[in-house]
Every structure is written in C-alpha cells, then in structure tokens.
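Here is how the chains run, residue by residue.
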Amino acid sequence: MLKLVDSWVWDSWYAFDGEMHHAFYLKASRALGDVNRRHRHPFIGHAVSKDLTHWTVVQDAIAIGDVPAWDSWTTWTGSVVRGHDGKWWMFYTGTSRADSGEEQRVGAATSDDLMNWTKVGTNPLTEADPRWYEMLDFAKWHDQAWRDPWVFEHDGTWHMLVTARGITGQKYGRGVAGHAISKDLKNWELLPPLTETESGFGQMEVIQVCEIDGTPTMLWCCGPKELTSEMREKFPHGGMFSTTGESLLGPFDPNQAVWFPHETLYAARAVKHEGQWYLIGFIHGPDHDFGGYLCDPIPIRNNGKGVIPA
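Residues numbered from 1 in each chain as written. Predicted model: local features only at pLDDT ≥ 70, side-chain atom pairs only at ≥ 80, totals over all residues. Heavy atoms only, no water.

### Points about the overall build of the protein
For the protein, the count of helices and strands is one helix and 21 strands. Its C-alpha atoms give the protein a radius of gyration of 18 Å, near enough to 19 Å, the size a compact globule of 310 residues would have. Seen through its principal axes, the protein has C-alpha atoms that stretch 45 × 45 × 45 Å. In the protein, which comprises 310 residues, the share counted as buried stands at 59%. Considering only intrachain contacts with a sequence separation of at least 6, the fraction spanning at least 24 residues in the protein is 54%. Here the protein displays about 12,700 Å² of accessible surface, and carbon together with sulfur accounts for 49% of that area. Computed over 27 positive and 40 negative side-chain charges, the inter-centroid distance for the protein is 3 Å. (Helix = DSSP H or I, 4+ residues; strand = E, 2+ residues; numbered from the N terminus. Rg over C-alpha atoms; globule rule 2.2 N^0.38 Å. Buried < 20%, exposed > 50% of the residue type's maximum accessible area, 1.4 Å probe, protein only. Contact = heavy atoms within 4.5 Å. Areas by Shrake-Rupley, 256 points an atom, 1.4 Å probe, with all protein chains shown as cover. Lys, Arg positive; Asp, Glu negative; His and termini not counted. Charge placed at Lys NZ, Arg CZ, Asp CG, Glu CD.)

Here is the structure:
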C-alpha cells in the first residue's frame, strides 16, 4: 500500500528498471481541505519498491510549468517507456491557465535514471484533432478530453492511446481510445480512434494495453455517472473494465467489457512482478468517499475475455 500522511494519492503508472519498480502518481496536499480541489493542484510523485507492496517515496518527478506554458495549470496522468537508446520517456497530460484548464494536451519529459526529468520542448506533442475527436463544447461534455497517454511499441512503431471523445453518437457513448503513432517518440501523427464510438462509456479513463497471460488486453475505468443507461444497469458501480483483442491494436470492443469485481477500485494499472500480473489502483473513487491511497497489489488473470481476480 502507498498511503501518504500529507497528500492524497490517486492515478498511478509504473516502470521497471530491472531491479526496482517505480510508481509515478498524482498527489495533492491534504492541506487543501476539500478533496475535490486536488484535480487543480497536483504534482507527479514518485516512489520505488522491490515487491509492489512496500514503497519508499523519493523526489517528485514533474511539476507544472510557468505561465504561459501548455502545462501551467496541471500535470496529470501518463505512462513511462524506455526508448531504444536507453533514455526513459514520461508522457503526461497537461492543462493551461490560458484556457482555464479545459483543454487537455499531451507532452513528455525524459530521464536517464527515472529520477531527474527534463521536459521535452515547450509545446505539447499531441492534442485532439477535430477531424475525429470532440472539441470543447460544454453542451456535449465538461472538458476537451485528451489525456492519460498510454505509450507502447508494436511492430516497430510507437503507439499512443489517450482518453478522448468521438464526434458521433449519444453523450454517454462517445468515449474512445484516441490514437497516434510515432517512429521517434517526439513527432506524432494523429489517427482516428482505435475504438468505435457508441462504446457505452462517456469516457474511457486511464487506458492501458498489454499482453496479460498471452492475450492482448485493454483496460480502462469509468465512473457510474458516465455510463450509458444500459451499461449503468449492468455495472451500477462503474469502476475497472477490460476486454481482449487479436493484437495490441485490437480490434477492441468496449461493449464487450468485463467488469473487475471491486466496487471502489479505480484507475488501476496492470503491473507484472515475478511472472504474476497484479492490479494497483486507488481506493474509493471517483464518486465514493475518497480514500486517497494506492492499494496493495491484487493478483489477476485473463480468462480470455478480460481481467478477473486470480
């Protein structure tokens, strides 16, 4: 478990350096008083562990930029990969004070040691493209979703999946996995969504794609208030979902989602340790009494349709 005395902890993402697991996570001071204020006052924290259970907190990884930077208001959820040259890349979400934090974009920082990070340039690397993705329109949604980048390599190409919204379908069915590709991790080409609209989800948060027990698997989370009425009837608590595909690029159909049987686990990541897969996420969120800590690793397996407890 990772629970801090002075800060709330929520979304997290992980890297393994061959010896230690590194957890990067959103944190905000408990001195804010109101837990709902945490979203506009986060830092990206960092802790290390040999067993995914006992964590040692180290220096924070990323802080907001100075105005007028694209990440001058918040630095939110991301992922870490290692490039072919050995350099680590952290892709993360940023929002700016220039647009009141309503438009989300993705940028990156790099590191040689996973401890000291340098931001890549002064501009974001990807943002929503109106050809395929819903732009800011408060009549349709409460923000311009383009966040939680999950980056992975497949067949010699880097792929980025993001929490995004399509441009067709009903309000609570437009959640999609936004998609971009790159050869060098810095220059990205935007593509149509990897998943179809009419997903049954208003948004697919904290998307992850990986092979679990040999099966290509997509995981994501969604709160109960952001499901279609049909999905809400099936999954009244919201939470963690997964589905499987033929490859790491799917096709993935969120309408075939398998719900992970935990009523308060949210934004969990699948992490592998000594051959066993686990889920680690924060407890009580997003619509319950907020816990503000990361759970102990939960053993999981893939039943061919999605992720279930081991």
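Next, the rest of the story.
### Here's the deal with the side chain of Lys-27
Along the chain, Lys-27 falls in strand β2 (residues 21–29). Those residues within four positions of Lys-27 in sequence are excluded, and the remaining contacts are Ser-7, Trp-8, Trp-10, His-41, Pro-42, Phe-43, Gly-45 and Asp-60.

### Focus: the sheet that holds strand β20 (residues 298–302)
Reading across from one edge, β18-β19-β20-β21 is the order of the four strands in this open sheet, with antiparallel pairing throughout. The outermost strands of the open sheet, each flanked by one partner alone, are β18 (265–273) and β21 (307–309). Within the sheet, the average angular offset between the axes of one strand and its neighbour, ignoring direction, is 45°. Pairing analysis gives seven bridges linking β18 to strand β19 (residues 276–283), with the strands arranged antiparallel. (Pairing = 2+ DSSP bridges. Axes fitted to C-alpha atoms, helices over the stretch in contact; angles between N-to-C directions.)

### Quick look at the sheet that holds strand β15 (residues 215–222)
The strand order across the open sheet formed by four strands is β14-β15-β16-β17, and the pairing between neighbours is antiparallel. Lying at the two open borders of the sheet, with one neighbouring strand each, are β14 (205–212) and β17 (258–259). Sheet analysis places β14 next to β15, joined by six bridges and oriented antiparallel. Paired with Ile-212 across the two strands is Thr-215, which belongs to β15.

### Quick look at the packing of aromatic side chains
Counting across every chain of the model gives 13 aromatic pairs. Both rings, one in Phe-24 and one in Trp-117, keep their centres 5.8 Å apart while their planes meet at 85°; by these two values the pair is edge-to-face. Note that Phe-24 is positioned in strand β2 and Trp-117 in the loop between β7 (105–111) and β8 (118–119), a separation of 93 residues in sequence. With a centroid separation of 5.8 Å and an interplanar angle of 75°, the aromatic rings of Trp-141 and Tyr-172 are classed as edge-to-face. Of this pair, Trp-141 sits in the loop between β9 (126–127) and β10 (146–154) while Tyr-172 sits in the loop between β11 (157–165) and β12 (175–182), and the two are 31 residues apart along the sequence. We classify Tyr-172 as partly exposed; its relative accessible area is 27%. Ring-pair connections join several aromatic residues into one group, and the members of that group are Phe-201, Trp-220, Phe-235 and Phe-241. One Lys or Arg, Arg-40, reaches over the ring of Trp-73 and ends 4.8 Å from the middle of that ring. Between the NZ or CZ atom of Arg-97 and the centre of the ring of Trp-73, over which it lies, the distance is 4.9 Å. (Phe/Tyr/Trp six-rings, centres within 6.5 Å; stacked < 30°, edge-to-face > 60°. Lys NZ or Arg CZ within 6 Å of the ring centre and 35° of its normal.)

### Describing the nonpolar core
If you look at the biggest cluster of nonpolar residues, it comprises 55 residues, and the most contacted ones within it are Phe-24, Ile-44, Val-80, Met-90, Trp-117, Leu-265 and Leu-279. Aside from chain neighbours lying at most four places away, what touches Ile-44 is Trp-13, Phe-24, Tyr-25, Leu-26, Asp-60, Ala-61, Ile-62, Thr-75, Trp-76, Met-90 and Tyr-92. Ala-108, Trp-158, Val-176 and Trp-188 belong to the second-largest nonpolar core, a separate cluster that totals 20 residues. (Core = buried A, V, L, I, M, F, W, Y, C linked by side-chain atoms within 4.5 Å.)

### Structural notes on the pairing of β14
The buried fraction of β14 amounts to seven of the eight residues, a majority that puts the element mostly inside the structure. Between β14 and β15, which pair antiparallel in sequence order, lie two residues; one of them, Asp-213, sits at a positive phi of approximately 55°.

### Regarding the environment of Thr-53
With respect to the element layout, Thr-53 can be found in the loop between β3 (43–49) and β4 (56–62). Exposure remark for Thr-53: the relative accessible area of 25% places this residue in the partly exposed category. The sequence separation of Thr-53 and Cys-295 amounts to 242 residues, and the corresponding C-alpha distance is 8.5 Å. Beyond its immediate sequence surroundings of up to four residues, Thr-53 is in contact with Met-1, Asp-296 and Pro-297.

### So, the pairing of β10
Within β10, eight of the nine residues are buried, which leaves it mostly tucked inside the rest of the structure. Connecting β10 to the antiparallel partner β11 that follows it, the hairpin turn spans two residues, and Asp-155 within it adopts a positive phi of roughly 55°.

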